[in-house]
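Single-letter residue listing:
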Protein chains: 2
Amino acid sequence: MVEESSKSPDVLSSIMDAAIKNFAEKGYEGARVDEIARDANVNKATIYYHIGGKEALYKAVLSRVLTSGADMIVENVGKASTPEEKVAAYVDTILNGVLAGREDFTRIMMREMAGGGADIPHDVLDNMMRKILGTAVGLVSVGVEQGKLAPASPILIHMMIVGGIAFMRATEGLRAKHQGATMELDPRIVNEMKSGLSDQITKILLHGLTLREERKMNPTGESSGVGKQQKP
Amino acid sequence: MVEESSKSPDVLSSIMDAAIKNFAEKGYEGARVDEIARDANVNKATIYYHIGGKEALYKAVLSRVLTSGADMIVENVGKASTPEEKVAAYVDTILNGVLAGREDFTRIMMREMAGGGADIPHDVLDNMMRKILGTAVGLVSVGVEQGKLAPASPILIHMMIVGGIAFMRATEGLRAKHQGATMELDPRIVNEMKSGLSDQITKILLHGLTLREERKMNPTGESSGVGKQQKP
DNA sequence: TAAGTTATACTGACTGGTTAGTTGGGTCAC
DNA sequence: GTGACCCAACTAACCAGTCAGTATAACTTA
């Protein structure tokens, strides 16, 4: 009689959420449709009614995961003016925009890459490649032309960013348990590690590790005057 | 008793090889014991006789994958003298020593990280953490103390190397098909991309992307006319 | 507007193919 | 013969996908 919930609040998104969680934790083969249904508080057949099947569900999840970030990167990098700022924007957008609070996305992406990306729908892949890698290519190209960036493979840059972030994220739990390797660290390093991951990556990418000559590092950290070097 | 494998040519290693291949391609859940047995030209029960089961087989594979490289890194980095050479040795060992011709290892590692590394046996993980990360920590620490390297998180450095390599490797097939994003690249970038991945990564890590004033980058080798720029 | 019809959203119970693991027996070197 | 090594065939469980059925909203028509 009285409707506790006339229409379901949003069956589809609860299915998607549960699917993302399960696929992220256990991978495509490891995830169970029954469990996804249970997590979504939905009858299994409902999933088949709405989406079609396990594979269709996974493809839907993949599209959502992979599509969501591309435009954000294009936009934010576009806003930045100098090549250096563009690199920073690139890193920052991936870390704090695309992947912020979405460990699940990272995990699914890692698994998908491990599998060679065979399951990624072609149009999604195409779109992603064009936008994200295109942005990276443009960024480096302009920087090189302007004499501001050293020539480097934009794809490699992209992969070092994404790969670095993904591996850092994925191993967070692991490292928390096994922090035996922390050993005695130089206080300057400890300090540096306190700044945000985005800043750290940007700094490494822009300035590298080599210190030239006698230039003292700003010991208080923060991304201030780190990359200032004189002649070799 | 006598030797390890007295009888068959080498049943155990053919099982392991087949297992590595299958786990790499399909993950733990996706791999089929029957198929591993078939690939190894062995009856399925033989696997159970020698190893015990699917999970034990996977653990064995994991140990082999993860253990194999640690000592190599420690040794090669130890041989190098300056911090810069150590960084180069670190990158080069991971790429050309640990992972050379072993895409399977990379894939298994990626999946395992995506899953949070829950399956990695504790002693293996401990050993790996101590050796590999310990080496990275030592490397950066010494470099910083000597005033030759900028302070940076050794873990992040490690993850950018491994993550970058893993993602580059994993997406090779993918990128070959979708090379639409290659666009018009500056010839200097194209040239840079011709040098080995190990050199490229080392260069980025050591020198970064930023070009300072009128200074040549001192390219590691071939990539000659790289650093010639005017001011903007 | 009441009765009849169709469309949409969902469910509980079932099924059949797949797959990890077992069993009991066979071979061969010593 | 005896024990390490290997096999073909079997089994029990699991799990993706199906189906017949319920409920209700949404039209249709007389």
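Here the structure is a predicted model, which is why all the values come from computation and not from measurement.

Enquirer: Before we move on, can you summarise the overall build of chain A with the specific residues and values?
Expert: Helices and strands together make up the secondary structure of chain A, namely 11 helices and 0 strands. Residue burial in chain A is summarised as follows: out of 232 residues, 53% are buried. Intrachain contacts of chain A at a sequence separation of at least 6 include 63% that bridge at least 24 residues. As displayed, chain A has an accessible area near 10700 Å², and 52% of this comes from carbon and sulfur atoms.

Enquirer: Any details on the pattern of salt bridges? Residues and values, ideally.
Expert: Two side chains of opposite charge can pair, provided their charged atoms sit close to one another. Per the stated rule, a full pass over the model turns up 20 salt bridges over all chains. Residue Arg64 of chain A is joined to Asp17 of chain A by a salt bridge in which the shortest nitrogen-to-oxygen separation is 3.4 Å. Of this pair, Arg64 of chain A sits in helix H4 (residues 54-79) while Asp17 of chain A sits in helix H1 (residues 11-30), and the two are 47 residues apart along the sequence. On the accessibility criterion, Asp17 of chain A (43% relative accessible area) is partly exposed. Across the pair Lys59 of chain B and Glu55 of chain B runs a salt bridge, and its minimum N-O distance is 3.5 Å. A residue pair is termed a helical-turn pair when its members lie 3 or 4 positions apart in one helix, as Lys59 of chain B and Glu55 of chain B do in helix H4 (residues 54-79) at 4 residues. By relative accessible area, Lys59 of chain B is classed as partly exposed at 28%.

Enquirer: So what about the relation of the copies chain A and chain B? Which residues, and what values?
Expert: With an RMSD of 0.2 Å, chain A superimposes on chain B once it is rotated by 180° and translated 0.0 Å along the axis. Interpreted geometrically, this transformation is the action of a two-fold axis. Of all interface residues in chain A, 96% are interface residues in chain B too; the two copies therefore contact each other through one and the same surface.

Enquirer: Quick rundown of the interface of chain A and chain B? Include the residues and the values.
Expert: Taken residue by residue, the interface counts 78 residues in chain A and 77 residues in chain B. Of the roughly 7200 Å² buried where chain A meets chain B, counting both sides, 73% is carbon and sulfur surface. Of all residues in chain A, the largest losses of buried area upon contact with chain B belong to Phe167, His178 and Leu209 of chain A, amounting jointly to 11% of the total for that side. For the pair chain A and chain B, the number of links is 2 salt bridges. A salt bridge links Arg32 of chain B to Glu29 of chain A, with the shortest nitrogen-to-oxygen separation between them at 3.8 Å. Scanning the region where chain A abuts chain B turns up 12 residue pairs in polar contact (both at pLDDT 80 or more).

Enquirer: Tell me what's going on with the domain arrangement of chain A, and back it up with residues and numbers.
Expert: Residues and elements named next belong to chain A. As far as domains go, chain A holds domain 1 (7-52) and domain 2 (59-212). Each of domain 1 and domain 2 was reduced to a C-alpha centroid, and the two centroids are 29 Å apart. Taken together, the contacts link 10 residues of domain 1 with 8 residues of domain 2. Taking both sides of the interface into account, the surface hidden between domain 1 and domain 2 amounts to around 810 Å²; carbon and sulfur atoms contribute 70%. Considering only the side of domain 1, the residues that lose the most area to domain 2 are Met16, Ile20 and Ala24, jointly responsible for 65% of the buried surface there. Where domain 1 meets domain 2, there are 1 salt bridge.

Enquirer: I'd like a description of the packing of aromatic side chains, backed by residues and values.
Expert: Within the structure shown, the criterion is met by 7 aromatic pairs over all chains. Between the aromatic rings of Tyr28 of chain A and Tyr58 of chain A, the centroid separation amounts to 5.1 Å while the plane-to-plane angle is 55°, which identifies the pairing as tilted. You can see Tyr28 of chain A sitting in helix H1 and its partner Tyr58 of chain A sitting in helix H4, a full 30 residues away along the chain. On the accessibility criterion, Tyr28 of chain A (24% relative accessible area) is partly exposed. The class of Tyr58 of chain A is buried, set by a relative accessible area of 5%. Pairing Phe23 of chain B with Tyr58 of chain B gives two aromatic rings, centres 4.9 Å apart and planes at 75°, and the pair type is edge-to-face. Taken as a pair, Phe23 of chain B in helix H1 (residues 11-30) and Tyr58 of chain B in helix H4 lie far apart in primary sequence, 35 residues in all. Comparing Phe23 of chain B with Tyr58 of chain B shows no difference in burial state: the two are buried. The ring centre of Tyr28 of chain A lies 4.6 Å from the NZ or CZ of Lys54 of chain A, which sits over that ring.

Enquirer: Break down helix H7 (residues 122-145) of chain B for me, citing the residues and quoting the values.
Expert: For an α-helix the count is 3.6 residues per turn, leaving residues at separations of three or four pointing the same way. All names here are of chain B. A rise of 1.5 Å per residue sets the reference length of H7, with its 24 residues, at 34 Å; its end C-alpha atoms lie 33 Å apart and thus fit the reference within 8%. When the local axis directions of H7 are compared, the greatest deviation, roughly 25°, occurs at Gly134. Count one or two residues on from H7 and you reach Gly147, which has phi positive near 70°.

Enquirer: Can you lay out the side chain of Thr202 of chain B for me, pointing to particular residues and giving the numbers?
Expert: Residue and element names in this part refer to chain B. Considering the arrangement of structural elements, one finds Thr202 in helix H11 (residues 197-207). In this structure Thr202 comes out as buried when scored by relative accessible area, which is 7%. Excluding residues within four positions of it along the chain, Thr202 makes contact with Ala88 and Val91.

Enquirer: Break down the environment of Asp123 of chain A for me, citing the residues and quoting the values.
Expert: Residue and element names in this part refer to chain A. Structurally, the position occupied by Asp123 is in helix H7 (residues 122-145). According to the relative accessible area criterion, Asp123 is exposed, its value standing at 58%. Along the sequence, Asp123 and Glu184 sit 61 residues apart, while their C-alpha atoms lie 49 Å from each other.

Calculation notes
- Sequence order sets the numbering: in each chain, residues are counted from 1 along the sequence as written.
- Think of it this way: whatever chain is written first is A, whatever ligand is written first is 1, and the rest follow in order.
- Local features in a predicted model are, by the rule used here, given only for residues with pLDDT of at least 70; side-chain atom pairs are given and counted only at 80 or more, and totals for whole chains, interfaces and linings are based on all residues.
- Water and hydrogen atoms play no part in the side-chain values, which are based on all heavy atoms of the structure.
- Each helix corresponds to a stretch of at least 4 residues labelled H or I by DSSP, and each strand to a stretch of at least 2 residues labelled E; elements are numbered beginning at the N terminus.
- Here's how the labels work: a residue is buried when its accessible area is under 20% of the maximum for its type, exposed when over 50%, partly exposed in between, all with a 1.4 Å probe on protein chains only.
- Pairs of residues are marked as contacts when any of their non-hydrogen atoms sit within 4.5 Å.
- Only the protein chains shown count as cover for residues, and the accessible areas themselves come from Shrake-Rupley with a 1.4 Å probe.
- Each salt bridge in this description consists of a side-chain nitrogen of Lys or Arg and a carboxyl oxygen of Asp or Glu lying within 4 Å of one another.
- Here the copies were fitted onto each other by least squares, based on C-alpha atoms from residues at pLDDT of at least 70 in both.
- Throughout, the accessible surface (probe 1.4 Å) given up by two parts as they are put together, summed over both, is called the buried area.
- Under the rule applied, a polar contact is a pair of N or O atoms within 3.5 Å (in protein, one hydrogen donor and one hydrogen acceptor; residues adjacent in sequence only if both atoms are side-chain atoms).
- Bear in mind that the domain bounds are from an automatic or database domain assignment.
- Within 6.5 Å between ring centres, the rings of Phe, Tyr and Trp (the latter by its six-membered ring) count as paired, and their orientation is classed by plane angle as stacked under 30 degrees, edge-to-face over 60, tilted in between.
- Distance and angle both matter: a charge sits over a ring if NZ of Lys or CZ of Arg is within 6 Å of the ring centre and within 35 degrees of the ring normal.
- Under the convention used throughout, the expected extent of a helix is 1.5 Å for every residue step, that is, one less than its residue count.
- A residue's bend is given by the angle between axes fitted to the 7 residues ending at it and the 7 residues starting at it.

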